Amino acid sequence: ERPVLPLETVEANAAAIRNQLSHFLQFEGKHPAQLRNNAEWLRGLSLLEFLRDTGKHLTINYMLQKEAVRTRMETGMSFAEFTYMLIQAYDFWHLATTAGCELQMGGSDQWGNITAGIELIGRREQKQVHGLSFPLLTNASGTKFGKSEGGNIWLDPERTSPYRFYQFWLNTDDRDVERHLRLFTFMPLEEIAEVMATHSAHPERREAQRILAADLTSRVHGADTAERVVAASQILFGGGDIRVADPAIFELLATEVPTHPIPDSALTPGLGVVDALVAAGLASSKADARRGLQSGGFSVNGERIADAQRQLTAADLLAGRYLLLQKGKKQYGLLVARR
């Protein structure tokens, strides 16, 4: 009952999923993983054929025993949704008979559909196959990970940047971090226990979250990207040496904070800090900038600036191109010199 997507969109999504999974699975080589589209075997399947060869093997009573169906009966369930279990069971049957698939895995909410496939294969083929389900991922408040929940993250860097991916895990609730380390990393349990002992002694340091965030970002986006993300995070939240940061880190920052170009010529003989703050969008006017400078509310390249007459020159550029301006603790603006 979901919106029907154009065929081109479905194919593009499948290609994107394959690309994402290629970080974890090998699609080439001696024993390659396969990404299959069930449209291959469902498009040509007629309703009468489906009812004759599949529908007759699973009774209404059997389907009503499934929790996913039983809990929906009171609020109403369409016939299309009711038959979804049969279609997923058919998928399992098709893969079992054509590709030797013996195990279907999924979230615990798919247990009824998975066991329906096991039942169908047993009845049609007199063959034993297996199912494996995992508890749905939830946080301490009971909210599950999912596209429908909002605030979700994606493996695709075009949907969730590596920096935001890192920040998501860095902001993990203290009540969730140990479980996430167990679920999402390959750290030995003894090592996780040591990390949590250190974390419990000084939770304000968020050491467990930092390990979790760095581990996952490295595995999903690569070690080099993870290093740049950590360095960028340290620059924005303290602890990083902004003067030695390489250009790639500032390129990453430019995707995360408001960025504004300025001509090289603006730095000769110098760009007034007041004008710079207005150009970066951190002050609404020159008067607003001067008031903020007088109260010590602005920084340039990590240095608190109080002198409204200060001129910024090429010598102030970071990595030869960037000026990082800050208002308070959380507002940033990046000026990029253009030739």
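Right above here is the structure, for reference.
Parameters at a glance
- Each chain carries its own residue numbering, running from 1 in the written order of its sequence.
- For this predicted model, a pLDDT threshold of at least 70 governs which residues receive local features, and a threshold of 80 or more governs which side-chain atom pairs are given and counted, while totals over whole chains, interfaces and linings are taken from all residues.
- Think of the side-chain values as coming from all heavy atoms in the structure, minus any hydrogens and water.
- Whether two strands pair comes down to DSSP finding at least two bridges between them.
- Helix and strand labels come from DSSP, where a helix needs a run of H or I of at least four residues and a strand needs a run of E of at least two; each type is numbered from the N terminus.
- A clockwise course of the path from the first strand over the helix to the second, judged with the strands pointing away from the viewer, identifies a crossover as right-handed.
- Exposure categories follow from relative accessible area, calculated using a 1.4 Å probe and restricted to protein chains: below 20% of the type maximum is buried, above 50% is exposed, and the middle band is partly exposed.
- Arc definition: directions from the helix axis to the C-beta atoms.
- What makes two residues a contact is simply this: any of their non-hydrogen atoms within 4.5 Å.
- Every axis corresponds to a line fitted to the C-alpha atoms, with the helix fit spanning only the stretch in contact, and the corresponding angles, defined between N-to-C directions, vary from 0 to 180 degrees.
- In this analysis, the expected span of each helix is defined as 1.5 Å times one less than the number of residues it contains.
- Side-chain atoms within 4.5 Å link the members of a nonpolar core, which is a set of buried Ala, Val, Leu, Ile, Met, Phe, Trp, Tyr and Cys residues.
- Take a side-chain nitrogen of Lys or Arg and a carboxyl oxygen of Asp or Glu: if they are within 4 Å of each other, that pair is a salt bridge.

**Some words on the pairing of strand S1 (residues 103–107)**
And step 1. Summarising the sheet, S1 and strand S2 (residues 130–134) pair through five bridges and their orientation is parallel. Directly across from Gly106, in S2, lies its bridge partner Ser133.
And step 2. Of the crossover connections in this fold, the one passing from S1 over helix H8 (residues 111–125) to the parallel S2 is right-handed.

**Description of helix H16 (residues 286–294)**
And step 1. Where H16 is concerned, the buried positions are Asp288, Ala289, Gly292 and Leu293. Take H16 and look down its axis: the buried residues cluster within an arc of 135 degrees, on one side only. Exposed residues pointing more than 90 degrees away from the buried face of H16 are listed as Arg291 and Gln294.
And step 2. Buried residues along H16 sit against helix H15 (273–279), strand S5 (298–300) and strand S6 (303–305).
And step 3. Just downstream of H16, Gly296 is the residue with a positive phi angle, here 75 degrees.

**Some thoughts on the sheet that holds strand S9 (residues 331–338)**
And step 1. Strand order in the open sheet formed by five strands is S3-S9-S8-S5-S6, with mixed pairing between adjacent strands. Strands with a single pairing partner mark the edges of an open sheet, and in this sheet they are strand S3 (259–263) and S6. Put simply, the sheet's adjacent strands are angled 30 degrees from each other on average, direction ignored.
And step 2. Inspection of the sheet shows S5 paired to S6 by three bridges, in the antiparallel sense. From the neighbouring strand, Phe298 faces S6, where its bridge partner is Ile305.

**Let's talk about H8**
And step 1. Between the first and last C-alpha of H8 there are 21 Å, a value that for 15 residues agrees with the 21 Å anticipated at 1.5 Å per step.
And step 2. Restricting attention to buried positions, one finds in H8 the residues Gly112, Asn113, Ile114, Thr115, Ala116, Gly117, Ile118, Leu120 and Ile121.
And step 3. Where the residues of H8 are buried, they touch helix H4 (60–64), helix H7 (84–99), S1 and S2.

**Some words on unusual backbone geometry**
And step 1. With an omega dihedral of 5 degrees, the bond running from Thr268 to Pro269 counts as a cis peptide bond.
And step 2. Mapped onto the elements of the fold, Pro269 is located in the loop between S3 and strand S4 (271–272).
And step 3. At Gln126, a position not held by glycine, the phi torsion is positive, near 50 degrees.
And step 4. Take Gln126: it is sitting in the loop between H8 and S2.

**Re the side chain of His180**
And step 1. Tracing the backbone shows His180 in helix H10 (residues 174–184).
And step 2. Once residues within four sequence positions are removed from consideration, His180 is found in contact with Thr138, Phe145, Trp169, Thr172, Thr185 and Leu212.

**What to know about the nonpolar core**
And step 1. Ranked by size, the top nonpolar core spans 35 residues in total, and within it Trp169, Leu181, Ile235, Phe250, Leu324 and Leu334 carry the most contacts.
And step 2. Residues within four places of Leu324 in sequence aside, it is in contact with Ile235, Ile242, Ser299, Val300, Asn301, Gly302, Leu318, Tyr332, Gly333 and Leu334.

**What about the pattern of salt bridges?**
And step 1. Going through the model one piece at a time under the given rule, you end up with twelve salt bridges.
And step 2. A salt bridge links Arg36 to Glu40, with the shortest nitrogen-to-oxygen separation between them at 3.3 Å.
And step 3. According to the relative accessible area criterion, Glu40 is exposed, its value standing at 51%.

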